[in-house]
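Residue-level structural notes
Now for the letters of each chain:
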2 protein chains.
Amino acid sequence: MTQKRVSIKDVAKRADVSIATVSRVVNKTDNVTPQIYERVMDAIKELGYSPNTAARSLVKQRTNAIGIVVNNLHDPFFHDLIKGFEMAAQQTSYSVVFCSALGGDVKSKEAYVKYLSNGVVDAVILYGSYFSDESVVRYLQESRKIEYVMIENDVPGLACNKLLINNYGGAKNAVKYLINKGHTRIAHICGNPNKKVTIERFNGYIAAMQESHLEVMDGFIQYSSTDYKSGFERMNALLDLKEPPTAVFCSDDAIASYAVRAAFDRGLRVPEDISVMGFDNQTILPDRYRGPEITSVEQPLYTIGMDSIRLVSERLKSGQAEEPVIRTYETKIVEKETVCEYRKR
Amino acid sequence: MTQKRVSIKDVAKRADVSIATVSRVVNKTDNVTPQIYERVMDAIKELGYSPNTAARSLVKQRTNAIGIVVNNLHDPFFHDLIKGFEMAAQQTSYSVVFCSALGGDVKSKEAYVKYLSNGVVDAVILYGSYFSDESVVRYLQESRKIEYVMIENDVPGLACNKLLINNYGGAKNAVKYLINKGHTRIAHICGNPNKKVTIERFNGYIAAMQESHLEVMDGFIQYSSTDYKSGFERMNALLDLKEPPTAVFCSDDAIASYAVRAAFDRGLRVPEDISVMGFDNQTILPDRYRGPEITSVEQPLYTIGMDSIRLVSERLKSGQAEEPVIRTYETKIVEKETVCEYRKR
DNA sequence: TATAATCAAGAAAACGTTTACAAAAGGAAT
DNA sequence: ATTCCTTTTGTAAACGTTTTCTTGATTATA
């Protein structure tokens, strides 16, 4: 099928020049006389030559490529983030490649990071909120092979580029928003226990409740499994309580959508009977969802995607060692249809 | 930031052996005595060595990687396809990387294909239905640099691996399905004019109508712009007709969702007042859509994603030149909520 | 016309591997 | 003790580039 590569040597022979000259023509790195330039260009066209990336990378010690590693590329959660990556990729001179580790599989993620680190790309952008992602970023840090930036996962004390999201603050604001709506009986459905954001958002919930001197009733904290579908059962558990909450803050929109379904299945109205709030402002939900639009907390994923590529490409261009960049992005509440004022029934 | 690479030489020096021996240890390609093995392994660990991919690729003339190039990776249309790629990637020993060309930009797509072809991967999987994709696949064919498979885009007479979808047949069946439901006034909203599938599905529509001796009324064929949102105006144009259709076959679900909205906005019921059918069975729509689930035509994208990776990896493993594989996948109608029997009003 | 200065092109080293081949070392058989 | 295998290790070429250094040619300057 595939035939023998045509190399710079073949071109040189054809144009009757040295390989150095061919290289100069290809890279426009040095002057060559017009006739020779022509001759070389003709040979290149005739033979269909294009320079081998591996060889070039080897000698130049850089690849002009950036790698992005995420967990489940197919997850609609990534919609905006990918869009951000794509947009910035288009504007940069670097080639951008995505790698996806299926499930929460650390091994696979680690494998991709190693693969990329060893001369495939100049920088890696790593997205991940799993606790297990810490080991991956540690590898990146310790091997010190390439530039990288970590998105969303703050390993405290690790001096690397980090683009973080204020999940704690976002969750706290969300709960305070509910409190301002007059709610006092506010429950929380936690997310995937293997993710850091779950803890951060949980802490935000607790902090908001405490600051407002509101009691977290027995059973008001519901722990999901790794499957967001468990939002359904968790909501049912809340509604089974003798005195159920009047508002529920969910760790993410996927869970929230299942919580809303659970309420609907019991003949409750959302938000009139119970308010539901999510996180992520995920306009595209993994499963078909037909309920009201979920009031949520938006994180600027599009911006973060753009910024991450810009950050690494600037750092690569500058070349010298700089202080790591650590940036925290704030979230904002997006008011939609699943929260309303508390009204005594 | 990044410090000097540790190479096989460093390991050899540290373990006081030749670089060949280190290579043998790393690749388990040949026997080494246990003591030396230990010594080398220790040195590798101490120095944190891992072999450089570029150098290895250069000498071995293969990279053990497969590249996938698509147009808008963020598009939820790709959900199942990506899942298929991911699943197969997990099972293969190849590293799999995705590249995304934003918009319908051929230049960008071509650039990625060239980049990948020149020693970055061993095979390319190209997805695309744009007419402009033809030039990309032609490049792949003529350069004969690497193994590749084209998904969805049939360039007639080009002897390459093709995984195709029977869009023509799928569309024809869809329209016949509507005819069987008693509809005779059936309109068609075409899709993005730059895509081949648009023509194929259009032809399927025409064929079904002709075979059933049904007339395509004036104005029954509506041409969208490149934006699927134009399904909205196109549907309005249909409904503005003196004698509007009783069923509309849309070139894809995104358009269909906008068609349904347009009908709703006029106070019409779907499917009671007008039936709408889509294509793709896209469970996740690009925009928030809250109407009934769209009766559609499903293409086995998950399977195709899996198969494409399996195909190229098998071909790479076998090594010898084989006949190109051309496979056409059939679609199937998924009955949902936007089509019903025609009933005189 | 000689000399310096500029410029174009080639030769060869280097990048980090793998691998064919050579060499050495160890054992077994004579 | 010598020869002959077998096994382990080392040497060096190769992969396809870029780039430093040299050389040779041309032009400018005196």
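This text gives an overview of the structure that appears in the document.

**Notes on the relation of the copies chain B and chain A**
One copy of the chain maps onto the second through a rotation around an axis plus a translation along that axis. Note on the copies: chain B fits chain A at an RMSD of 0.1 Å, the axial shift is 0.0 Å, and the rotation between them is 180°. What we have between these two chains is a two-fold relation. Looking at the interface residues of chain B, 100% of them are also at the interface in chain A, so both copies use one shared face.

**Describing the protein's contact with DNA strand C**
Residues in close proximity to DNA strand C total 28 residues, the closest being Thr21, Arg24 and Thr33 of chain A together with Ile8 and Ser23 of chain B. If you look at DNA strand C and keep only atoms within 4 Å of the protein, 68% of those are sugar or phosphate atoms. In this structure, a phosphate oxygen belonging to DNA strand C sits 2.5 Å away from a side-chain N or O atom of Thr33 of chain A. In the model, a phosphate oxygen of DNA strand C is placed 2.9 Å from a nitrogen or oxygen of the Asn27 of chain B side chain. Only α2 (19–27) and α4 (53–60) of chain A together with α1 (8–15), α2 (19–27) and α4 (53–60) of chain B provide two or more residues apiece to the surface near DNA strand C. It is α4 of chain B that contributes the most residues to the surface near DNA strand C, 5 residues altogether. A class-by-class count of the residues in the surface near DNA strand C yields 14 nonpolar, 10 polar and 4 charged.

**What to know about the sheet that holds strand β8 (residues 247–250) of chain A**
Residue and element names in this part refer to chain A. Read from one edge to the other, the open sheet built from 4 strands follows the order β7-β6-β8-β9, with strand pairing classed as parallel. Pairing within the sheet leaves two strands with one partner each, and these edge strands are β7 (221–222) and β9 (275–277). Where helix α8 (residues 167–180) meets the sheet, it contacts β6 (186–189), β8 and β9, and its direction lies at approximately 170° from that of β8. Seen against the sheet, helix α9 (residues 196–211) touches β6, β7 and β8 and runs at an angle of roughly 170° to β6.

**Quick look at the interface of chain B and chain A**
In many reports, interface size means the accessible area that the parts give up when they come together. On the chain A side, the residues contacting the 58 residues of chain B number 58 residues. In this assembly, chain B packs against chain A so that about 5,400 Å² is buried in total across both faces, 51% of it on carbon and sulfur atoms. Put simply, chain B and chain A have 4 salt bridges between them. Between the two partners, chain B and chain A, sit 24 residue pairs in polar contact (both at pLDDT 80 or more). When residues of the side of chain B that touches chain A are traced back to their parent elements, those giving at least two are α4, α5 (79–91), β2 (95–100) and α6 (106–117) of chain B. The element best represented in the side of chain B that touches chain A is α5 of chain B, accounting for 7 residues. Looking at the side of chain B that touches chain A residue by residue, the classes come out as 27 nonpolar, 20 polar and 11 charged.

Calculation rules
Residues numbered from 1 in each chain as written. Chains lettered and ligands numbered in written order. Predicted model: local features only at pLDDT ≥ 70, side-chain atom pairs only at ≥ 80, totals over all residues. Heavy atoms only, no water. Least-squares fit on C-alpha atoms with pLDDT ≥ 70 in both. Contact = heavy atoms within 4.5 Å. Near = heavy atom within 4 Å. Polar contact = N/O pair within 3.5 Å; in protein donor to acceptor, adjacent residues only side chain to side chain. Helix = DSSP H or I, 4+ residues; strand = E, 2+ residues; numbered from the N terminus. Nonpolar A, V, L, I, M, F, W, Y, C, P; charged D, E, K, R; others polar. Pairing = 2+ DSSP bridges. Axes fitted to C-alpha atoms, helices over the stretch in contact; angles between N-to-C directions. Buried area = accessible area lost by both parts, 1.4 Å probe. Salt bridge = Lys/Arg side-chain N within 4 Å of Asp/Glu carboxyl O.

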